[in-house]
There are 2 protein chains.
Amino acid sequence: MGSRAGIVVTGTEVLTGRVADRNGPWLAEELRQAGVDISNIVVVGDRPEDLRASIEFLIGSGVDLIVTSGGLGPTADDLTAEVVAGVQGRAFALDEALAAEVAAIVDRLSAGRGWGATPEATAAANRKQAMVPFGAAVLAPVGTAPGLVVPAPDGTVGPPVVVLPGPPRELQGMWPAALAHPLVQAALAGRAELRQSTLRIWGTPEQTIAATLREHDAILGGLEITTCLRDAELEVVTRYAPSAQPAYDALVSVIREEYAERAYSLDGRTVDEIVATALISRGATIGTAEALAGATVVGRMLDRPGASKYLRGGVIPYANAPKRELLGLTDELMKSVGSVSAEAAEALAEGARSALHTDVGVGITGMAGPVGSTLKPVGLVYICVVGDGAAADPTTGARVVLAREINLPGSRTDIGARAVAIAMHMIRELLVR
Amino acid sequence: MGSRAGIVVTGTEVLTGRVADRNGPWLAEELRQAGVDISNIVVVGDRPEDLRASIEFLIGSGVDLIVTSGGLGPTADDLTAEVVAGVQGRAFALDEALAAEVAAIVDRLSAGRGWGATPEATAAANRKQAMVPFGAAVLAPVGTAPGLVVPAPDGTVGPPVVVLPGPPRELQGMWPAALAHPLVQAALAGRAELRQSTLRIWGTPEQTIAATLREHDAILGGLEITTCLRDAELEVVTRYAPSAQPAYDALVSVIREEYAERAYSLDGRTVDEIVATALISRGATIGTAEALAGATVVGRMLDRPGASKYLRGGVIPYANAPKRELLGLTDELMKSVGSVSAEAAEALAEGARSALHTDVGVGITGMAGPVGSTLKPVGLVYICVVGDGAAADPTTGARVVLAREINLPGSRTDIGARAVAIAMHMIRELLVR
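Structural notes on the sheet that holds strand β1 (residues 3-10) of chain A
The strand order across the open sheet built from 12 strands is β6(A)-β7(A)-β8(A)-β3(A)-β1(A)-β2(A)-β2(B)-β1(B)-β3(B)-β8(B)-β7(B)-β6(B), with neighbouring strands paired in mixed fashion. Looking at the sheet topology across the chains shown, the edges are occupied by β6 (137-139) of chain A together with β6 (137-139) of chain B. Across the sheet, the axes of successive neighbouring strands diverge by a mean angle of 20°, strand direction being ignored. Where strand β1 (residues 3-10) of chain B meets strand β2 (residues 36-44) of chain B, seven bridges bridge the pair, whose relative direction is parallel. By the bridge assignment, valine 9 of chain B is partnered in β2 of chain B with valine 43 of chain B. Running at roughly 170° to strand β8 (residues 161-164) of chain B, helix α4 (residues 80-87) of chain B makes contact with β1, β3 (65-69), β7 (147-150) and β8 of chain B of the sheet.

Observations regarding the relation of the copies chain A and chain B
Turning chain A through 180° and shifting it by 0.0 Å along the axis lays it on chain B, with an RMSD of 0.0 Å. Within this description, the copies of the chain are treated as partners about a two-fold rotation axis. The share of interface residues of chain A whose copies in chain B are also at the interface is 100%, consistent with both copies meeting through the same surface.

Concerning the side chain of glutamate 170 of chain A
Residues and elements named next belong to chain A. Counting through the fold element by element, glutamate 170 comes out in helix α7 (residues 168-180). Although glutamate 170 lies buried, it forms no salt bridge, and the closest oppositely charged side chain, arginine 169, sits 5.3 Å away as judged by the N-O distance. Residues in contact with glutamate 170, not counting those within four places in the same chain, are Val142, Gly143, Thr144, Ala145 and Pro165.

Side note on empty space enclosed by the protein
All told, the structure shown has four cavities of 30 Å³ or more when counted by the stated rule. Within this model, the largest cavity holds a volume of roughly 50 Å³. If you go around the largest cavity, the residues you meet are Thr12, Leu15, Gly45, Asp46, Arg47 and Asp50 of chain A together with Ile38, Ser39, Glu224 and Arg239 of chain B. When contributions to the lining of the largest cavity are tallied by element, the ones reaching two or more residues are α1 (12-15) of chain A together with β2 of chain B. Of the residues in the lining of the largest cavity, the class split is two nonpolar, three polar and five charged.

Here's the deal with the interface of chain A and chain B
If you look at the interface, chain A gives 98 residues, while chain B gives 98 residues. For the chain A and chain B pair, buried surface summed over both sides reaches about 7500 Å², with 55% attributable to carbon and sulfur atoms. On the chain A side of the interface with chain B, the three residues burying the most area are Arg18, Gln207 and Leu302 of chain A, jointly 10% of the side's total. One salt bridge connects glutamate 224 of chain A with arginine 47 of chain B, and the closest N-O pair in it is separated by 2.6 Å.

What to know about the packing of aromatic side chains
How two aromatic rings sit relative to each other is given by the distance of their centres and the angle of their planes. Inspection of every chain in the model, using the stated rule, returns three aromatic pairs over all chains. Both rings, one in phenylalanine 57 of chain A and one in phenylalanine 57 of chain B, keep their centres 4.2 Å apart while their planes meet at 5°; by these two values the pair is stacked. Here phenylalanine 57 of chain A is found in helix α3 (residues 48-60), whereas its partner phenylalanine 57 of chain B is found in helix α3 (residues 48-60) on a different chain. Per residue, the accessibility class of phenylalanine 57 of chain A equals that of phenylalanine 57 of chain B, and both read buried.

A short note on the pattern of salt bridges
What the rule picks out here adds up to 39 salt bridges over all chains. Linking aspartate 414 of chain A and arginine 22 of chain B is a salt bridge whose minimum nitrogen-to-oxygen distance equals 3.6 Å. Within this pair, whereas aspartate 414 of chain A is found in helix α16 (residues 412-431), its partner arginine 22 of chain B is found in the loop between α1 (12-15) and α2 (23-33), the two belonging to separate chains. On the basis of relative accessible area, arginine 22 of chain B is assigned to the partly exposed category, the value being 47%. A salt bridge links arginine 353 of chain B to glutamate 350 of chain B; the shortest N-O distance between them is 3.3 Å. Separated by three residues within a single helix, arginine 353 of chain B and glutamate 350 of chain B lie in helix α15 (residues 342-356), roughly one turn from each other. The exposure class of arginine 353 of chain B is buried, given its relative accessible area of 17%. For glutamate 350 of chain B, a relative accessible area of 23% gives the class partly exposed. A single salt-bridge network, built from bridges that share partners, covers Glu346, Glu350, Arg353, Asp388 and Arg399 of chain A.

Some details on the pairing of β3 of chain B
Residue and element names in this part refer to chain B. The element β3 is largely enclosed, with a buried count of five among its five residues. Neither face of β3 is open: one carries Leu65, Val67 and Ser69, the other Ile66 and Thr68, and all of them are buried. Summarising the sheet, β1 and β3 pair through five bridges and their orientation is parallel. Bridging across to β3, valine 8 finds its partner in threonine 68.

Observations regarding the nonpolar core
Within the largest apolar cluster, 84 residues are counted, with the highest numbers of intra-cluster contacts made by Ile427 of chain A together with Ile427 of chain B. Aside from chain neighbours lying at most four places away, what touches isoleucine 427 of chain A is Val275, Ile286, Val297, Met301, Val362 and Val385 of chain A. Grouped together as the second largest cluster of nonpolar side chains are 54 residues, Leu65 and Ala178 of chain A together with Val149 and Val162 of chain B included.

Remarks on the confidence of the model for chain A
Averaged over all residues, the pLDDT of chain A is 91; the fraction at 70 or higher stands at 98%. For this predicted complex, the interface score ipTM comes out at 0.83, while the overall pTM is 0.85.

Details of helix α11 (residues 271-282) of chain B
Helix length check: α11 of chain B (12 residues) gives 16 Å between terminal C-alpha atoms against 16 Å at 1.5 Å per residue, within 8%. When α11 of chain B is considered as a whole, its buried residues turn out to be Val271, Asp272, Ile274, Val275, Ala276, Ala278 and Leu279 of chain B.

Looking at the sheet that holds strand β15 (residues 380-387) of chain A
With mixed pairing, 10 strands are arranged side by side in an open sheet as β16(A)-β15(A)-β14(A)-β12(A)-β13(A)-β13(B)-β12(B)-β14(B)-β15(B)-β16(B). Looking at strand neighbours, the two that pair on one side only are β16 (400-407) of chain A together with β16 (400-407) of chain B, the edges of this open sheet. This sheet shows a mean twist of 10° between the axes of neighbouring strands, independent of strand direction. When strand β15 (residues 380-387) of chain B meets β16 of chain B, the two strands line up antiparallel, connected through eight bridges. Residue pairing for β16 of chain B: valine 385 of chain B is matched across the bridge by leucine 402 of chain B. The strands touched by helix α15 (residues 342-356) of chain A are β12 (286-291), β13 (311-317), β14 (360-366), β15 and β16 of chain A; relative to β14 of chain A, the strand with the most contacts, the crossing angle is about 140°. In the packing of α16 of chain A onto the sheet, the strands contacted are β12, β14, β15 and β16 of chain A, and the crossing angle to β15 of chain A comes to about 25°.

Points about the environment of leucine 171 of chain B
All names here are of chain B. Residue placement: leucine 171 occurs in helix α7 (residues 168-180). On the accessibility criterion, leucine 171 (0% relative accessible area) is buried. C-alpha of leucine 171 to C-alpha of threonine 68: the two residues are 103 residues apart in sequence and 9.9 Å apart in space. If we skip the residues at most four places from it in the chain, leucine 171 touches Asn23, Trp26, Leu27, Ser69, Leu164 and Pro165.

Brief notes about unusual backbone geometry
Residue and element names in this part refer to chain A. Put simply, glycine 369 and proline 370 share a cis peptide bond, and its omega is 10°. Here proline 370 shows up in the loop between β14 and β15. Of note, histidine 357 is a non-glycine position whose phi angle comes to about 55°, a positive value. When its relative accessible area of 45% is taken as the criterion, histidine 357 is described as partly exposed.

Here's the deal with the pairing of strand β9 (residues 195-202) of chain A
All names here are of chain A. For β9, the buried fraction is high: six of the eight residues fall into the buried class. Relative to strand β11 (residues 233-240), β9 runs antiparallel, the two sharing eight bridges. By the bridge assignment for β11, glutamine 196 is matched with arginine 239.

Some points on the packing of α11 of chain B against helix α16 (residues 412-431) of chain B
Residue and element names in this part refer to chain B. Between α11 and α16, the shortest axis-to-axis distance is 9 Å and the interhelical angle comes to 35°. With respect to the hand of their crossing, α11 and α16 are arranged in left-handed fashion. Residue-level contacts link Val271, Asp272, Ile274, Val275, Ala278, Leu279 and Arg282 of α11 to Met424, His425, Ile427, Arg428, Leu430 and Leu431 of α16. Grouping the constituent residues of the contact of α11 with α16 by class yields nine nonpolar, one polar and three charged.

Reading the values: rules and limits
Residue numbers here run from 1 along each chain, matching the order of that chain's written sequence. Here every chain gets a letter starting at A, and every ligand a number starting at 1, in the order they are written. Side-chain atom pairs in this predicted model are given and counted only at pLDDT of 80 or more, local residue features only at pLDDT of at least 70, and totals for whole chains, interfaces and linings cover all residues. As a rule here, side-chain values come from all non-hydrogen atoms in the structure, and water together with hydrogens is ignored. For two strands to be treated as a pair, DSSP must find no fewer than two bridges joining them. In this text, helices come from DSSP runs of H or I with a minimum length of four residues, and strands from runs of E with a minimum of two, each type numbered from the N-terminal end. Axis lines are fitted through C-alpha atoms, for helices just across the contact stretch, and the angle between N-to-C directions can take any value from 0 to 180 degrees. In this analysis, two residues are considered to be in contact whenever any of their non-hydrogen atoms come within 4.5 Å of each other. Here the copies are superposed with least squares, the fitted atoms being C-alpha atoms of residues at a pLDDT of at least 70 in both. Type-normalised accessible area, obtained with a 1.4 Å probe on protein chains alone, sets the label of each residue: buried when under 20%, exposed when over 50%, and partly exposed for intermediate values. In this tally, Lys and Arg are treated as positive and Asp and Glu as negative; His is ignored, and so are the chain termini. Throughout this description, the term salt bridge denotes a Lys or Arg side-chain nitrogen within 4 Å of a carboxyl oxygen of Asp or Glu. With a 1 Å grid spanning the protein atoms alone, the term cavity applies to any set of points in which a 1.4 Å probe fits but cannot get out, the term pocket to an open set with protein on both sides within 12 Å along at least five of seven lines, and the term lining residue to any residue with an atom within 4 Å of a point. Grid points are joined across faces, edges and corners, and a volume is the space filled by probe spheres set on the points. Only Asp, Glu, Lys and Arg are considered charged in this grouping, and only Ala, Val, Leu, Ile, Met, Phe, Trp, Tyr, Cys and Pro are considered nonpolar; every other residue, Gly among them, is considered polar. Buried area: the accessible area, evaluated with a 1.4 Å probe, that two parts lose upon being put together, summed over both parts. Paired rings are identified among Phe, Tyr and Trp, the last through its six-membered ring, by centres lying within 6.5 Å, and are further divided according to the angle between planes into stacked (under 30 degrees), edge-to-face (over 60) and tilted (the rest). Residues grouped as a nonpolar core are buried Ala, Val, Leu, Ile, Met, Phe, Trp, Tyr and Cys residues, joined through side-chain atoms within 4.5 Å. Scored from 0 to 100, pLDDT records how confident the predictor is in each individual residue. Here, expected helix span is obtained from the residue count minus one, scaled by 1.5 Å. The sense of a crossing depends on the near helix, which, turned anticlockwise from the far helix by less than a right angle, makes the crossing left-handed and, turned clockwise, makes it right-handed.

Following this line, the structure appears as structure tokens:
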């Protein structure tokens with residue numbers, strides 16, 4: 001059976017979508033790697049009765065451990081510690097030594113910043129962050145808030161609740177100490193390795209993979225397969241016990257055979273990883289010129305540590321002047337076929353190569369909306385990827401040009417994200433052949 | 001008391017964080033605008049027993065309506081409709097007319113794309129998407145999957161379950177029909193207006209606002225105030241019934257008085273909106289030169305419809321050559337003080353103004369990691385914003401330069417996002433004075 005945990009993410013700002021939750025998924029993945037399965041992530045606002053009901057739901061569902069994130073701050077809406085104390089039947093009292101520790105941290109943080117909190121306000125806030133349920137273990141603060149491990153009510157059997165702060169950096173910094181705590185280790189005594197592997201397929205609808213899986217159902221026992229289509233990419237994620245490894249290997253064979261090169265990643269590597277590795281192994285450099293709102297290839301590449309090995313930069317020409325002056329598009333081209341055209345995309349790709357001195361140039365132009373025209377409706381996008389030098393055709397040494405015209409549905413952000421995903425795959429196709 | 005709803009987001013890909021949930025928060029905000037309060041968003045994997053337990057938890061918590069997202073696709077892990085049928089005590093059967101409708105949509109989508117699904121596989125997938133709980137209403141597909149409104153078991157009182165597809169575009173397109181459905185309207189008969197207003201404060205720690213709220217507690221009755229610190233910006237969101245409007249007005253007065261210009265938004269407008277409005281009203285243009293990984297100002301501005309009115313573009317020079325050739329940084333500057341320096345940030349800002357012909361230039365340079373140096377550690381960032389022309393000082397007409405050196409904690413992405421947020425506020429300070 002193994003161990004199971006539930007996660008409670010608190011905060012009206014998360015419940016109402018003003019802040020995207022990063023903690024629930026991060027904790028889920030950490031727990032999975034530790035051999036613990038997750039039943040639910042419950043998002044709840046800053047209301048004590050809703051928070052209590054959420055924790056009690058998870059206790060009732062029989063999980064072995066509950067982890068909460070958020071609600072440990074100094075304001076009155078931060079009430080997780082108090083609610084958890086109540087659920088676990090424990091008195092809630094000030095820990096003087098901890099209050100002094102929090103005060104020292106806050107003093108250090110605010111030194112010289114002129115934040116203007118009065119000493120009384122600061123002291124009250126510090127005291128609030130140092131309230132501890134009786135019998136709970138304290139996890140040392142990473143920011144200002146201490147974490148807690150709160151055992152089940154004395155004399156009962158039930159899951160301990162690990163209470164962690166909301167800021168992702170603090171939560172992630174505190175997690176190793178939480179996981180290593182003897183109470184947590186004891187609660188997770190039943191954990192068992194749960195493997196997770198990912199296959200990625202490009203340019204295939206979910207209907208097709210559904211048919212493939214149905215056809216081979218007999219040999220896929222013991223696999224928990226989930227499929228997800230995102231930006232035209234199909235992700236097939238399988239969770240399985242080590243004993244089902246042969247079934248998983250069979251799945252990989254089936255996918256390899258039926259999808260051939262469309263199954264571009266059989267080991268879980270993302271297109272971003274594959275492109276980065278290919279650029280490094282060829283010693284090739286890349287630059288972009290992108291005139292489409294919503295998202296950029298250069299932005300996506302910048303997110304990746306080590307990008308400086310191959311990424312020379314990007315030019316984002318939103319007006320016509322920089323297209324002409326920085327990237328060499330001619331007035332003639334922009335007047336005759338327009339700056340949203342296949343010709344413009346190729347000129348942008350070439351312009352990027354030349355302005356940034358790279359082997360690969362990426363040019364994107366299109367209508368991200370909200371307003372299009374009859375000839376050029378919202379969603380029309382042209383992408384061109386040019387490879388030369390270290391990224392030229394490896395057998396002939398010739399310059400390679402890949403170009404696509406596409407019509408994408410959705411919002412400005414959807415169109416941008418989809419176009420960037422397609423461009424990443426075109427770069428992959430250029431480099432991996 | 002008003003009406004309350006609960007939201008269930010299904011999908012192992014969401015539970016494990018491979019896909020960020022966009023549906024829960026979107027539905028929460030739509031429901032709030034419709035006068036419906038939200039108790040929880042429950043994220044659950046593609047496992048029937050966990051999904052059933054989550055829906056039953058929400059029914060048990062006494063909500064008036066449940067909305068689910070996801071799990072309506074053609075693969076075997078898509079099981080929401082069947083589980084909801086079970087919870088609501090309803091038989092589950094093929095709707096032949098709906099199957100034909102889904103088939104027509106799938107045929108149209110796959111025409112000419114060579115997706116390679118066999119007719120049998122396609123037919124099986126279509127049939128799966130046309131299974132309907134007895135007595136449920138069907139919501140017309142926006143993509144391929146129909147939605148459902150599934151009433152409580154016959155002869156009982158309980159919340160109907162609205163079953164919506166997972167792709168955000170499909171869910172959002174189907175929502176108006178779901179909300180307008182008579183069963184949903186009847187379930188939400190008790191709804192009452194719930195106002196939500198936001199104040200934004202820059203450069204103030206959460207401890208200070210905690211003190212302010214505690215001090216004025218007596219006059220803030222009837223307000224549900226939540227505070228959230230993000231990228232050095234404090235967001236104060238208040239939910240209240242119309243009868244508490246005077247208390248909210250009192251809160252605004254207190255914040256205006258105690259925080260003065262640090263409370264830069266009393267009407268909820270974001271720094272992005274304020275900057276866009278200020279650029280338009282001054283007739284000023286803006287361009288950026290950004291040599292910091294993790295996030296970019298130009299990318300953030302591109303997300304905003306109508307950005308072409310003021311945004312001329314951005315240059316992202318990751319190597320030194322484009323800094324020199326496109327933006328005019330001298331080799332002397334890069335050798336003497338280095339390209340991560342206050343001087344380089346100002347030269348980038350000036351370079352952006354000149355290369356992109358704008359009134360405002362933004363220059364950012366820094367160490368986003370993972371590797372820094374002794375003199376220039378990870379997190380060291382220089383930002384410079386220069387205003388001239390239409391963005392010069394309005395009284396003297398003089399060129400204005402704002403510059404900051406900061407040390408930011410966290411990951412590459414944290415550092416980038418924080419730097420971009422600070423840059424947005426520097427642009428605001430330049431324009432709004």
